[in-house]
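# Structure assessment
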Amino acid sequence: MTLLQEYDTPQEAYIVKGMLESNGIEAYVSVSGMSSVFPAPDSGTGTTAVYVADDSVEKAGELLRRRGDF
């Protein structure tokens, strides 16, 4: 698995996960322990990460660029 993108909230990451999976890309979300208790609003620190399989990084990146996330 390769880190695709980090997000400030789990909600953002799960939206991206759903978009990726609806396009045939398996995705995994890793939420740091404190991010749901103390979300980092617009801090850019990225507390929640989306991972994809190594062979899906390019396709996933293209989908995120179209969406404006990457």
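None of these values were measured; they are calculated from a predicted model. (Residues numbered from 1 in each chain as written. Predicted model: local features only at pLDDT ≥ 70, side-chain atom pairs only at ≥ 80, totals over all residues. Heavy atoms only, no water.)

## Remarks on the overall build of the chain
A count of helical and extended segments in the chain gives two helices and three strands. If you list the helices and strands of the chain from N to C, you get β-α-β-β-α. Buried residues in the chain amount to 37% of all 70 residues. Within the chain, counting contacts between residues at least 6 apart in sequence, those at least 24 apart form 69% of the total. For the chain, the accessible area works out to roughly 4,300 Å², and carbon and sulfur atoms hold 51% of it. (Helix = DSSP H or I, 4+ residues; strand = E, 2+ residues; numbered from the N terminus. Buried < 20%, exposed > 50% of the residue type's maximum accessible area, 1.4 Å probe, protein only. Contact = heavy atoms within 4.5 Å. Areas by Shrake-Rupley, 256 points an atom, 1.4 Å probe, with all protein chains shown as cover.)

## Quick look at the packing of aromatic side chains
To describe a pair of aromatic rings, you give the distance between the ring centres and the angle between the ring planes. Scanning the model with the defined rule gives one aromatic pair in all. Considering the side-chain rings of Tyr28 and Tyr51, the 6.4 Å spacing of their centres and the 45° angle between planes classify their relative orientation as tilted. Of this pair, Tyr28 sits in strand β2 (residues 27-31) while Tyr51 is found in strand β3 (residues 48-52), placing the two residues 23 residues apart along the sequence. Judged by relative accessible area, which is 25%, Tyr51 ranks as partly exposed. (Phe/Tyr/Trp six-rings, centres within 6.5 Å; stacked < 30°, edge-to-face > 60°.)

## A few points about the pattern of salt bridges
This model, assessed by the stated rule, comprises three salt bridges. With a shortest N-O distance of 3.6 Å, Arg65 and Glu62 are connected by a salt bridge. Remark: Glu62 and Arg65 occur in helix α2 (residues 57-67); sequence separation between them is three residues, near one turn of the helix. Residue classification places Glu62 among the partly exposed residues on the basis of a relative accessible area of 33%. (Salt bridge = Lys/Arg side-chain N within 4 Å of Asp/Glu carboxyl O.)

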